[in-house]
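# Observations on the three-dimensional arrangement
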Amino acid sequence: MFQVSALLVQDKLGWTPFMSATKADTGAREIMEKFLQFLIQHMPNNDPSSDCLNKLIETKNKSNDTLFTLLMRNGHEDFGKSREKLFELMEKHSNSQGN
C-alpha cells in the first residue's frame, strides 16, 4: 500500500506524481502507462478504508486540474492508452466493491 500511496501525495501546488508525469518533456505517455499498470496490479481493491481510487480521480491541483482533465488535453503526447488504463482501473475497483 505504501508504494501506491506515494504516487498520490500532493506537492505544495497540489500536483501528484501522476499529474506531474503528464507534463514530462519526454516519455510522458510511457510514464503514465507504467504508473497506471502498477496501480492496476497493486492497488488494494478489497479494503473499504482504502480510498486510493478516489484520491487518484478526485485530486485537484491549484489550477483545478484533475488527472483525467490532464489526460484529455491535446499536447505533444497522446494519452489515449493511459485513459484506457485509467478506465480499466476504475472498472476493476467498481466491480470489486459490488457497484
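Here's what I pulled together on the structure shown here.

Conventions adopted
Residues numbered from 1 in each chain as written. Predicted model: local features only at pLDDT ≥ 70, side-chain atom pairs only at ≥ 80, totals over all residues. Heavy atoms only, no water. Helix = DSSP H or I, 4+ residues; strand = E, 2+ residues; numbered from the N terminus. Expected span 1.5 Å × (residues − 1). Buried < 20%, exposed > 50% of the residue type's maximum accessible area, 1.4 Å probe, protein only. Arc of directions from axis to C-beta. Salt bridge = Lys/Arg side-chain N within 4 Å of Asp/Glu carboxyl O.

## A word on helix α3 (residues 28-42)
- The end-to-end C-alpha distance of α3, which contains 15 residues, comes to 21 Å, matching closely the 21 Å that a straight helix rising 1.5 Å per residue would cover.
- Inspection of α3 places A28, M32, E33, L36, L39 and I40 among the buried residues, and these make up the whole buried set. Taken around the axis of α3, the buried residues stretch over an arc of 125°, which confines them to a single face. Across α3 from its buried face, at more than 90 degrees, point the exposed residues K34 and Q41.

## Observations regarding the pattern of salt bridges
- Per the counting criterion, the structure on display carries 3 salt bridges.
- Its salt-bridge partner being K55, residue D51 comes within 3.8 Å of it at the nearest N-O pair.
- A relative accessible area of 35% places D51 in the partly exposed class.
- With a relative accessible area of 43%, K55 lands in the partly exposed category.
- Among the salt bridges present, the one from D65 reaches R73, with a minimum N-O distance of 2.5 Å.

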